[in-house]
Amino acid sequence: LEYIYGITGGTPHFVFQTCDHLVKAKAVVVKKSEVVLPPGARVDDLPICPRMAGAAMAEIDRLTEEEAAVVKAASILEEFFFVEEISAALSEEYEGEAEMAVDSLVSLMVFTRDEEDSDRLTFASKLVRKVASTLIMKDAHQAMTGRHQDF
């Protein structure tokens, strides 16, 4: 339930879409009044509903290049993270951009600040985090494929 809420934000239509996708993909097992993961499955490995992923991708696409780089860098960090950790994860190309981009991403509600420690950040949506981390893999694959073709 926490996974579904984290991915959908509790929006009824998105909850339905996500649950329907998980059942059709046989990523979950429905037993009378409960839904369980198949033996050996992990919540982190559940597939993302393509419609939901498209919405998150559109959100990331609307960001500036610097903001998108910060989102991707943050997606590989722990659930809660700090600007310094994002800065360390960024390439030299974006060095010094993290602080301003984080402020913008908080105002855009991509990141939220912890109530007790305003320097501590987290993603407002687990879906955006998950999609951003898959974008890193795609970027790496494209970079490797491009380099490989140069030989």
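Residues numbered from 1 in each chain as written. Predicted model: local features only at pLDDT ≥ 70, side-chain atom pairs only at ≥ 80, totals over all residues. Heavy atoms only, no water.

Asker: It is not clear to me how the packing of aromatic side chains should be interpreted in this structure. Could you clarify?
Answerer: To describe a pair of aromatic rings, you give the distance between the ring centres and the angle between the ring planes. Scanning the model with the defined rule gives three aromatic pairs in all. Aromatic rings pair up to connect Phe81, Phe111 and Phe123 into one cluster. Positioned over the ring face of phenylalanine 80 is arginine 120, at 3.8 Å from the centre of the ring. (Phe/Tyr/Trp six-rings, centres within 6.5 Å; stacked < 30°, edge-to-face > 60°. Lys NZ or Arg CZ within 6 Å of the ring centre and 35° of its normal.)

Asker: Whenever I open this one, the environment of glutamate 84 confuses me. Can you help?
Answerer: Tracing the backbone through its elements, the reader meets glutamate 84 in helix H5 (residues 83-89). Owing to a relative accessible area of 58%, glutamate 84 belongs among the exposed residues under this scheme. Each C-alpha atom of the pair glutamate 84 and alanine 27 lies 37 Å from the other, and the pair is 57 residues apart in sequence. (Helix = DSSP H or I, 4+ residues; strand = E, 2+ residues; numbered from the N terminus. Buried < 20%, exposed > 50% of the residue type's maximum accessible area, 1.4 Å probe, protein only.)

Asker: Looking at this structure, I do not really get the nonpolar core. What am I missing?
Answerer: Within soluble globular proteins, side chains that are nonpolar generally end up buried alongside one another. By size, the foremost hydrophobic cluster in this structure holds 37 residues, and its most contacted members are Val70, Val71, Phe81, Ile86, Leu90 and Phe111. Of all the elements in the fold, those that place two or more residues in this core are helix H1 (2-8), helix H3 (50-61), helix H4 (65-75), H5, helix H6 (98-107), strand S4 (121-123) and helix H7 (126-150). Of all the elements, H4 adds the most residues to this core, at six residues. Leaving out residues up to four positions away in the same chain, valine 71 has contacts with Leu63, Leu105, Val110, Phe111, Phe123, Val128 and Ala132. (Core = buried A, V, L, I, M, F, W, Y, C linked by side-chain atoms within 4.5 Å. Contact = heavy atoms within 4.5 Å.)

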